[in-house]
Structures are given as C-alpha cells and as structure tokens.
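Listed below, chain by chain, are the residues.
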Amino acid sequence: MQGRSNDKKKKPHKHQDPDHFHQFRLGGYGEAVAAFKDYGINRFYGGADGNPRTHRNTISIPRFGLALDYKFSKNWILSAEIEFESGGTGQAVELENTENGEYETEIEKGGEVAIEQFHITRLITPTFNLRAGHMIVPVGLTNAHHEPMNFFGTVRPEGERMLLPCTWHETGLAAFGRVGSRAATFDYQVMVVAGLNANGFDRNTWVASGKQGLFEEDNFTSPGYAARLDWVGVKGLRVGASYYYCHDTSANSDKPSYYGNMGRAPLSILSGDAQYTDRYVTARGCVVWGNLAKSDVISSRHGRHSNASPYSRVTPVAKNAMSCGGEVGVNLRNIISCPTMPELLPFVRYEYYNPQEKVLAPHVADQRLKTSMWTMGLNYRVGNGVILKADYTTRSIGSGRFNSENEFALGIAFTGWFLKK
C-alpha cells in the first residue's frame, strides 16, 4: 500500500506518510477487468501473420490484496500484505531429490495466493532505518507503486511486467531513509534479498519468471542487491533511479549441477522513472534496461528442462531487454473549475518493450516480441478510493510486420484503509 514504507520515528513529513496511524491499520486494494479483444491467445502459433484475428472476450479479478500495519511501539512496526490473484489460485511444486531430482507438481487450486510483504521495521532516525523480512523490490516504476490508483489503465503498464517480476517481492534485509533538505531532499533504499533464478528465464518474459518462491525455501547462494534513490525536493515531483545486480543467477538454480561449468551468469538491471502530479495533470514515465551474461549458454541449457519442470523451455533468452513508456492524464473538473462535475481524467499512454532487444548468436531474436503500443482511456474517480476505468489499446507487433492486437477494456478498482487507530 502506498505510504507504508515511509513512517518516521517522530512526526513525519506529510508527503512522506499521508496515511499516518497511531497503533494499527487495516486496508487493501483490488481490481476487476473485462476485456474485448480482436486477437487470439497465441502470437507464436506458427503462422506468418502473428496472432490470428480471433475475437474473444475475457473477465477476471487480477488481484485482491489485504494489508495490515501494527506498531509494537513507536520504533517497531510490523507490516503484512497478502494478495489473491485471479480469484485465489494455488499450485504446489516439489523437487523430489529422493527420486533423481524430478519435479513433482500438485494442483491444489487454480491460481495463486501470495504473501507480498511481511516485514518488521526498526525506525531509528529519519535518515537511517532498518527493515527485515519479505518486501517489495523497488526496481522500476510499477513495483514501488503497484496499487491501481497509481496507473491510469485497466491493467498495470505492460512493458515493465513483461520484463520484471511484478509485483516483485523478496525476502531479505533493507535500509532506508531521507537525506537532505528543501530542494535537495532524497529518499533512498538499499537491500540484499534472495536473487533471481536463471531456471525461470525465457524468451517471452526475459527474467520476469526467474523470481523464486516455488519451494519452501529460496536459494540464497547468490543474493540480489537492489538500490533506489528518489529526488523529492519539489512539491508534486519525484524523479527516481533504481539498480539491481545478482552476481550469478545460475548459482540460484534448483539443482546445483544444472548449469555445469559454464561460469557465472551475472544480471544487471537499470531503471529511471519520474512522476509529476498537481491539481490539473498527472504524468509518469519509466525506462528499464537489463543485461544478462551467458544468455546464449542459458538458452541452450533450457531446452533440456524436463517435461515435469515448472519452467519454460521457450528460448532464446536475450542478453539485453528493455522497455520504456509514459502516460499523462488531466483532471477535467479542476481544469474547468467546476466543483459539481464528476472527477474525470482522460489519459494517453505509450509503451515500447522488447524482451529480446539483443540476442547472442547462434540464436536469433523473434520479432514477434518487439511491441509498440498506445492506450487511451478515461478514469472516473468516484471518491473514497474507488475508481472506474475504460480504455482502448492497440499494439504494433514487430514494427508492423505482424497483425496488430487491439482491445477495449472496462475496469473497477479500489485502494484504501478500512480501519485505523
């Protein structure tokens, strides 16, 4: 939930902790989306035109989350957040080491229930605080601001979630705080967490499926290191940069011998993002670029995933991937200065992303992954944290070489604290 990670020891800055509470608070967020599409379910079905012109409609509850914060004292705070995706689905995967290291999958329910946050914070000073547990990895724009009020579309920005885990949450240790004053004010976060697992890297989503969590324990052989710095010295403006590094993603493999003697496979991800908000306009933008070493070797090995493996065998995995995008919306009620008018926000969003921006030989990039897209729509803020959304999206695939993908979507979402004391 927005504002949860910025409580301070004494009286906080208002823009740091807009939802201040005395002892505990309970809240949540949720979304429901209906989409009407003019394309099929498989862009890679083998035809020369890309996705077939198959009209279909979908309806879903992408996520419903419950959040709880509790202060044991003014310095010790417990925060927890549990998310139900697609109506609350679940599946268990076991690595049967007693049976030659075979994967065994048990379907318990459809979908996923995940603990997104479960951590204890020790507030020390406004400039330095500590946190331990399961927390959000603040790389990119969407992970750090993933609630539905923080993006205009009916779904989260597509470019980021096609390259990075979203929402990206890992277990580890973090330090955070605020430094500087007035125009030179910065928020920072640094953390060490469980690293990504190269077993999950694939053609379509680059490293997004490399997040651990299939098993009872995460491999911590090669941790991930993340850092984020936000400039917040101007009212309404935040400009941020984030960086992620894992020394050897192959060392986090389920089976230590899987990648043999190929050597280290380090991963670096850089991101820059910004947001400006006032009474009249809200604008956001984000760029993500990543580099994966030994991607050619990883691609060759992934073709040998067993049939029972929970990981994709779709390759090649790219050396470089990138996404960039931005959206801008205007508040018509404030522009027209009509207090009795509903709060309507028309918006437009552009995104480019390619999980195969650069592929090492002998592998060849698939141009059907190169995507440019425009989304235009309208948000209606009902009030008290409830919002209605409608948008139209058109995607150009492979610089127009393949069939475009178009859809119209309707959504309803909420974000709020139900109880505070």
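A quick note: this is a predicted structure, and the numbers were derived from the prediction, not measured.

### Observations regarding the overall build of the chain
From N to C terminus, the chain includes 3 helices and 18 strands. Sorting the 421 residues of the chain into buried and exposed places 49% on the buried side. Intrachain contacts of the chain at a sequence separation of at least 6 include 65% that bridge at least 24 residues.

### Description of the packing of aromatic side chains
Enumeration according to the criterion identifies 9 aromatic pairs in this entry. Ring plane angle 80 degrees and centroid distance 5.2 Å describe the contact between Tyr 70 and Phe 72, whose orientation is recorded as edge-to-face. A residue is classified by how much of its surface remains accessible, and Phe 72, at 53% relative accessible area, is exposed. One aromatic cluster in this structure is built from Phe 64, Phe 84, Phe 414 and Phe 418. Note that Lys 71 overlies the ring of Phe 21, its terminal NZ or CZ placed 4.7 Å from the centroid. The lysine or arginine in question, Arg 284, covers the ring of Phe 152, its NZ or CZ lying 4.9 Å from the ring centre.

### Digging into the nonpolar core
Counting 32 residues, the largest nonpolar core has Trp 206, Tyr 244, Leu 267 and Ile 269 as its most contacted members. Looking at this core, the elements that each hand over two or more residues are β9 (184-193), β11 (237-246), β12 (267-277) and β13 (281-292). Among the elements that make up this core, the one with the highest residue count is β13 (3 residues). Here Tyr 244 is in contact with Val 139, Trp 168, Ala 194, Gly 195, Leu 196, Gly 224, Tyr 225, Ala 226, Leu 267, Ser 268 and Ile 269, once residues within four sequence places are set aside.

### Section: the pattern of salt bridges
Summed over the entire model, instances satisfying the criterion amount to 22 salt bridges. For Arg 63, the salt bridge goes to Glu 83, with nearest N and O atoms at 3.9 Å. With Arg 63 in strand β2 (residues 56-71) and Glu 83 in strand β3 (residues 76-85), the pair connects residues that are 20 residues apart, well separated along the chain. Note that Arg 349 and Glu 327 form a salt bridge whose closest N and O atoms lie 3.0 Å from each other. Residue Arg 349 is located in strand β15 (residues 343-358), and its partner Glu 327 is located in strand β14 (residues 320-330); the two are separated by 22 residues in the primary sequence. With relative accessibility at 7%, the residue Glu 327 sits in the buried group.

### What to know about a nonpolar patch on the surface
A contiguous nonpolar surface patch, about 910 Å² in accessible area, is contributed by Leu 26, Ile 61, Phe 64, Leu 66, Leu 68, Ile 82, Val 113, Ile 115, Phe 118, Phe 418 and Leu 419. Counting residues per element, the ones that place at least two in the nonpolar patch are β2, β6 (112-125) and β18 (405-420). Relative to the assigned elements, Phe 64 resides in strand β2.

### With respect to the confidence of the model for the chain
Per-residue confidence for the chain gives a mean pLDDT of 90, with 90% of residues at or over 70. For residues 5-18, every residue scores under 50 in pLDDT, and the model assigns this stretch 32 contacts once sequence neighbours within four places are set aside. Residue range residues 96-108 is modelled with pLDDT below 50. Its contacts to residues more than four positions away, or to other chains, number 35 contacts.

Conventions used here
Residues numbered from 1 in each chain as written. Predicted model: local features only at pLDDT ≥ 70, side-chain atom pairs only at ≥ 80, totals over all residues. Heavy atoms only, no water. Helix = DSSP H or I, 4+ residues; strand = E, 2+ residues; numbered from the N terminus. Buried < 20%, exposed > 50% of the residue type's maximum accessible area, 1.4 Å probe, protein only. Contact = heavy atoms within 4.5 Å. Phe/Tyr/Trp six-rings, centres within 6.5 Å; stacked < 30°, edge-to-face > 60°. Lys NZ or Arg CZ within 6 Å of the ring centre and 35° of its normal. Core = buried A, V, L, I, M, F, W, Y, C linked by side-chain atoms within 4.5 Å. Salt bridge = Lys/Arg side-chain N within 4 Å of Asp/Glu carboxyl O. Patch = residues over 30% accessible without salt bridge, like charges linked within 9 Å, V, L, I, M, F, W, Y side chains within 5 Å. Areas by Shrake-Rupley, 256 points an atom, 1.4 Å probe, with all protein chains shown as cover. pLDDT = per-residue confidence, 0-100.

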